[in-house]
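One letter stands for each residue in the lines below.
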Amino acid sequence: MRLAFNLVYKLNTRIDKFLQTSRLIKQRRYAKEACERGYVFLNGKAAKPSQEVKPGDRIRLELPSGTTEIEVLAVPETKSISAEKAVRLYRIISKLGI
């Protein structure tokens, strides 16, 4: 018997892509720049734009507009998703703004 599965599950994705897809940062180039400037931390360590993110990881954004810490709940399976689905990709742990 032959079984065929067409499941498209991603276990991880780049942090700059995740930040853009989840709409935490508006554009991927800004997400990349935030990582390069040291504003983004993955599990307590400074993140490079190409670092992989997976469910369970914690991301802290220390942007000039404030600090936000989130837990990754899911990784997007497609290139772009709706705003309704984007907010289900993460859970806000803390948010401190100016």
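Everything here concerns the structure above.
Residues numbered from 1 in each chain as written. Predicted model: local features only at pLDDT ≥ 70, side-chain atom pairs only at ≥ 80, totals over all residues. Heavy atoms only, no water.

Draft legend 1. Local environment of the sheet that holds strand β5 (residues 58-63). With antiparallel pairing, the five strands of this open sheet are ordered in space as β3-β2-β5-β6-β7. Each edge of the open sheet is held by one strand with a lone partner, namely β3 (45-46) and β7 (90-97). In this structure, strand β2 (residues 40-42) lies alongside β3, joined through two bridges in antiparallel fashion. Bridge pairing in β3 links L42 to K45. (Pairing = 2+ DSSP bridges. Helix = DSSP H or I, 4+ residues; strand = E, 2+ residues; numbered from the N terminus.)

Draft legend 2. Structural detail: the pattern of salt bridges. Under the defined criterion, the tally for this structure stands at seven salt bridges. A salt bridge links D16 to R14, with the nearest nitrogen and oxygen atoms 3.0 Å apart. Residue class for D16 comes out buried when judged on its relative accessible area of 2%. Where salt bridges share partners, they join R14, D16 and R28 into one cluster. (Salt bridge = Lys/Arg side-chain N within 4 Å of Asp/Glu carboxyl O. Buried < 20%, exposed > 50% of the residue type's maximum accessible area, 1.4 Å probe, protein only.)

Draft legend 3. Molecular detail of the environment of L96. Following the sequence through the fold, L96 ends up in strand β7. Given a relative accessible area of 61%, L96 falls into the exposed group. Discounting chain neighbours no more than four positions away, the residues touching L96 are G66 and T67. (Contact = heavy atoms within 4.5 Å.)

Draft legend 4. The pairing of β5, seen in detail. Here β2 runs beside β5; their pairing, made up of three bridges, is antiparallel. Each residue of the ladder has a partner; that of F41, found in β5, is R60. Inspection of the sheet shows β5 paired to strand β6 (residues 66-72) by six bridges, in the antiparallel sense. Looking at β6, one finds that L61 is bridged to T68. Remark: two residues form the turn of the hairpin made by β5 and β6, two consecutive strands paired antiparallel.

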